[in-house]
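Chain residues, written in single-letter form:
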Amino acid sequence: MSATFKSIRSVVPLLDRVLVQRFKAETKTATGIFLPTSATTNPLPEATVIAVGPGAPNKDGTIVPTAVKAGDRVLLPGWGGNAIKVGEEEYYLFKDSEILAKINE
């Protein structure tokens, strides 16, 4: 199930949610060979963080901030997240704890 919005700015993650946009799979190789759609249907594990929530409260009620910030590159699990469609672009909401790693390059 995916939600549809007119602008990505209208989506503000709550608690420890992170809004990401997955990288798109290349449909053409460096040598110019076009790949079939069956070879590019699996989502890539990398994404760019678009927005983050303020964090979730721990047992003591203290807000624990998210580990990533907008603009970070992250490594995601192969499947999961809640899909959000904005025009032709697709974004995903993940919990901060579901993000596998932050990529520093």
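The following refers to the structure shown. (Residues numbered from 1 in each chain as written. Predicted model: local features only at pLDDT ≥ 70, side-chain atom pairs only at ≥ 80, totals over all residues. Heavy atoms only, no water.)

## Details of the overall build of the protein
Across its full length, the protein holds zero helices and nine strands. When the 105 residues of the protein are sorted by exposure, 27% land in the buried category. The contacts of the protein with a sequence gap of at least 6 include a subset with a gap of at least 24, amounting to 66%. Summed over all atoms, the accessible surface of the protein reaches about 7200 Å², with 57% contributed by carbon and sulfur. (Helix = DSSP H or I, 4+ residues; strand = E, 2+ residues; numbered from the N terminus. Buried < 20%, exposed > 50% of the residue type's maximum accessible area, 1.4 Å probe, protein only. Contact = heavy atoms within 4.5 Å. Areas by Shrake-Rupley, 256 points an atom, 1.4 Å probe, with all protein chains shown as cover.)

## Comments concerning the pairing of strand β7 (residues 82–86)
The sheet contact formed by β7 and strand β8 (residues 89–95) spans five bridges and is antiparallel. Across the sheet, Val86 pairs through a bridge with Glu89, a residue of β8. Between β7 and β8, which pair antiparallel one after the other, the connecting turn spans two residues, and Gly87 there sits at a positive phi close to 65 degrees. (Pairing = 2+ DSSP bridges.)

## Examining the pattern of salt bridges
One side chain can pair with another of opposite charge once the charged atoms of both are near each other. In the structure shown here, the tally under the stated rule is four salt bridges. With its nearest N and O atoms 2.3 Å apart, the salt bridge here joins Glu46 to Arg73. Within this pair, whereas Glu46 is found in strand β3 (residues 46–52), its partner Arg73 is found in strand β6 (residues 73–75), the two being separated by 27 residues in sequence. Taking relative accessible area as the criterion, Glu46 reaches 25% and is therefore assigned partly exposed. A relative accessible area of 27% means that Arg73 is categorised as partly exposed. The residue Lys102 makes a salt bridge to Asp72 at a minimum N-O spacing of 3.5 Å. One end of the pair, Lys102, is in strand β9 (residues 101–103); the other, Asp72, is in the loop between β5 (63–64) and β6, with 30 residues separating them in the sequence. (Salt bridge = Lys/Arg side-chain N within 4 Å of Asp/Glu carboxyl O.)

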